[in-house]
Amino acid sequence: MSTPAAAPRKGLRPRRPEWAGRNYTLLTAAAIVTNLGTHGALIAAAFAVLETGGDGGDVGLVAAARTLPLVLFLLIGGAVADRFPRHRVMVAANALNCASQAVFAVLVLAGEPRLWQMMLLTALCGTGQAFFNPAAEGMLMSSVSGEQASRAFAMFRMAMNGAGIGGAALGGAMIAAFGPGWVLAIDAAAFAAAGALRAFLDVGHIRERPPGGGLLADLREGWQEFAGRPWLWAIVAQFSVVVAVVGAAESVYGPLVAREELGGARPWGLALAAFGVGTVGGALLAMRWKPRRMLLVGTLCVFPLALPSAALAVPLPVGGLIAAMFVCGVSLEIFGVAWMTALHQEIPEDKLSRVSAYDWFGSTAMLPLSTALAGPAESAFGRSPALWGCAALVVLVTALVLVVPDVRNLTRRTKEVAAQAAVPVPSSDAEGPAGRLG
């Protein structure tokens, strides 16, 4: 009698793919929780400034206050994450973010917060992110392996950005209905919940680093790994400009255009949600499409990142802006999966967080300056010319990075290539990553 009942159990498929282990599942769940709060909070911070009588320059200063410590502490954060258990670094960073957002929420709900208070609290939040980002990226990459890595990254990013859809839409609606303070409070609670999940991550599979050296030695070793790969530093240099101009357009000019031309916070929240829908679509595509020259395809997908700035420059009606943000989301996600796959394939595990820190540092280094100068640039040239300039810079630097041969030729490593890479080679060639060029 027991045999027929047991037979179907043997044929049951596991509830999750083999690459979706415990760490991967916890990381994905925590990212969903965090993004539900953060996407709304970014909108809330801008509108909190505007509701206190601030202008575009004040919004830019608060945005710069968030990104400046992010840039200053990223390299230290990467070295710390490669030396200490990464999950502990992530939990500590989440605790700092929770505290800063909670105080920000209380100030906004209690009355009119001062500009310096908002700048200080967003700076604390940026400091937390400086330590969190390298640790989180290294932890994610160490949690998957094999040819399914790109699918795992695509699934993770789809879940993370899917949460951003709800967070942006809900955040815009809640700001319109209740004001920005409650959205900031929800973000604080989300950081607390996500930190609790990340406390259960297992780092037993990661080899302990031998004692010796120090912070400067760690940073030097990470720099050598970073600088020795032309495809890596070329794309990071490209994104130092792309992130700066897109960040200025979306964190400073976007809310202003939404308030003056589109009807307020709700349409801007819908546009950001459309970007999130696009990222989900891009992740679905990336799960099935695995181009051989992944960085070439990914870089070509950076060109559409100029569309939102152009749409805000016109400005297009809400429907046109939503379409531009959707296409931007699809394109950015295809690039993102290709980029993470390249890092996972080429960078040694014990250097992942430090290389990630140099990546984040280079990509965000110009963001504080661009957001701080967005208001003065609007006063000097006008909002529309400034936005057209943002779009033109995205196109220019993306065209330039295609000149780098490694960007065009880096290939996805297959089982056949991996088998060839396992064959012993002379020591003079050992320093080159196996299967880098096709």
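If you're wondering where the values come from, they're calculated on a predicted model, not measured in any experiment.

(A) Main features of the overall build of the protein chain. A count of helices and strands for the protein chain gives 18 helices and zero strands. A buried classification covers 54% of the 438 residues belonging to the protein chain. Partitioning the intrachain contacts of the protein chain with sequence separation of at least 6 by distance along the chain shows that 90% fall at a separation of at least 24. Total accessible area computed for the protein chain in this model is approximately 19,000 Å², and 67% of it derives from carbon and sulfur atoms.

(B) Spotlight on the packing of helix H6 (residues 149-178) against helix H13 (residues 318-346). Interaxial distance between H6 and H13 falls to 9 Å at its minimum, and their mutual angle equals 135°. When the axis of H6 is compared with that of H13, the two are oblique. Remark: the crossing between H6 and H13 carries right-handed chirality. Where H6 abuts H13, its residues Ala149, Ser150, Phe153, Ala154, Arg157, Met158 and Asn161 lie against Leu332, Glu333, Gly336, Val337, Met340, Thr341 and His344. In terms of residue class, the contact of H6 with H13 is built from seven nonpolar, five polar and two charged.

(C) Broad picture of the side chain of Arg86. You can see Arg86 is positioned in helix H4 (residues 86-110). According to the relative accessible area criterion, Arg86 is buried, its value standing at 4%. A polar contact of 3.1 Å, which involves the side chain of Arg86, links it to the side chain of Ser353.

(D) Spatial organisation of the packing of aromatic side chains. Scanning all chains against the criterion turns up seven aromatic pairs. Summarising the aromatic geometry, the rings of Trp223 and Phe226 are spaced 5.6 Å apart at their centres and angled 35° between planes, so their arrangement reads as tilted. Residue Trp223 and its partner Phe226 are both found in helix H8 (residues 215-227); the two are separated by three residues, about one turn of the helix. Residue classification places Phe226 among the buried positions, given a relative accessible area of 6%.

(E) Focus on helix H2 (residues 22-51). Under the 1.5 Å per step criterion, the end-to-end length of H2 is 44 Å for 30 residues, consistent within 8% with the ideal 44 Å. Along H2, the sharpest change in direction is near 25° and occurs at Asn35. Of all 30 residues that make up H2, 21 are buried, and the element is covered over most of its length.

(F) Structural view of the nonpolar core. Judged by nonpolar contacts, the single largest core of 114 residues is most densely connected at Trp231, Leu232 and Trp339. Non-local contacts of Leu232, meaning those with residues more than four positions away in its chain, are made with Glu225, Phe226, Trp339, Leu343, Ile347 and Val355.

(G) Inspection of unusual backbone geometry at higher detail. Cis peptide bonds are those with omega within 30 degrees of zero, and the linkage from Val314 to Pro315 qualifies with -15°. Note that Pro315 resides in the loop between helix H12 (307-313) and H13.

(H) Helix H10 (residues 265-288), seen in detail. With 24 residues, H10 extends 35 Å from end C-alpha to end C-alpha; this agrees with the ideal 34 Å at 1.5 Å per step. Of all 24 residues that make up H10, 17 are buried, and the element is covered over most of its length.

(I) Highlighting the pattern of salt bridges. Scanning the entire structure with this criterion turns up 12 salt bridges. Between Arg86 and Asp82 there is a salt bridge, and its shortest N-O distance comes to 2.7 Å. Residue classification places Asp82 among the buried positions, given a relative accessible area of 8%. The partner of Arg229 in a salt bridge is Glu225, and the shortest N-O contact between them spans 2.3 Å. By relative accessible area, Arg229 is classed as buried at 7%. Judged by relative accessible area, Glu225 falls into the buried class, the value being 13%.

(J) A nonpolar patch on the surface, seen in detail. A surface patch of nonpolar side chains, about 420 Å² in accessible area, is lined by Leu68, Leu72, Phe73, Ile76 and Leu215. Top element by residues in the nonpolar patch is helix H3 (residues 56-83). It accounts for four residues. Relative to the helices and strands, Leu68 resides in helix H3. For Leu68, a relative accessible area of 45% corresponds to the partly exposed category.

(K) Broad picture of the confidence of the model for the protein chain. Confidence along the protein chain averages 82 in pLDDT terms, with 87% of residues attaining 70 or more. The model gives residues 1-13 a pLDDT under 50, and that stretch makes zero contacts with residues more than four places away or in other chains. Taken together, the stretch residues 416-438 has pLDDT below 50 and engages in 27 contacts with residues farther than four places along the chain or on a different chain.

(L) Fine view of the side chain of Ser331. For Ser331, the location among the structural elements is in helix H13. Its relative accessible area of 8% is what places Ser331 among the buried residues. When sequence neighbours within four positions are dropped, the list of residues in contact with Ser331 reads Cys301 and Pro304.

(M) Main features of the environment of Leu396. By the element assignment, Leu396 lies in helix H16 (residues 383-401). Spatially, the C-alpha atoms of Leu396 and Val242 are 9.8 Å apart, while their sequence positions differ by 154 residues.

(N) Representation of the environment of Gly319. The topology assignment puts Gly319 in helix H13. Spatially, the C-alpha atom of Gly319 lies 9.8 Å from that of Leu270, the residues being 49 residues apart in sequence.

(O) Spotlight on the environment of Ala306. Within the secondary structure, Ala306 is located in the loop between helix H11 (294-300) and H12. Classification of Ala306 as buried rests on a relative accessible area of 9%. C-alpha separation for the pair Ala306 and Trp388, spaced 82 residues apart in sequence, amounts to 8.9 Å. In this structure Ala306 touches Ala391, Val394 and Val395, once residues within four positions along its chain are discounted.

Definitions and limits used
- Residues numbered from 1 in each chain as written.
- Predicted model: local features only at pLDDT ≥ 70, side-chain atom pairs only at ≥ 80, totals over all residues.
- Heavy atoms only, no water.
- Helix = DSSP H or I, 4+ residues; strand = E, 2+ residues; numbered from the N terminus.
- Buried < 20%, exposed > 50% of the residue type's maximum accessible area, 1.4 Å probe, protein only.
- Contact = heavy atoms within 4.5 Å.
- Areas by Shrake-Rupley, 256 points an atom, 1.4 Å probe, with all protein chains shown as cover.
- Axes fitted to C-alpha atoms, helices over the stretch in contact; angles between N-to-C directions.
- Parallel < 35°, antiparallel > 145°, perpendicular 65-115°, else oblique.
- Left-handed = near helix turned anticlockwise from the far one by under 90°.
- Nonpolar A, V, L, I, M, F, W, Y, C, P; charged D, E, K, R; others polar.
- Polar contact = N/O pair within 3.5 Å; in protein donor to acceptor, adjacent residues only side chain to side chain.
- Phe/Tyr/Trp six-rings, centres within 6.5 Å; stacked < 30°, edge-to-face > 60°.
- Expected span 1.5 Å × (residues − 1).
- Bend = angle between axes of the 7 residues up to and from the residue.
- Core = buried A, V, L, I, M, F, W, Y, C linked by side-chain atoms within 4.5 Å.
- Salt bridge = Lys/Arg side-chain N within 4 Å of Asp/Glu carboxyl O.
- Patch = residues over 30% accessible without salt bridge, like charges linked within 9 Å, V, L, I, M, F, W, Y side chains within 5 Å.
- pLDDT = per-residue confidence, 0-100.

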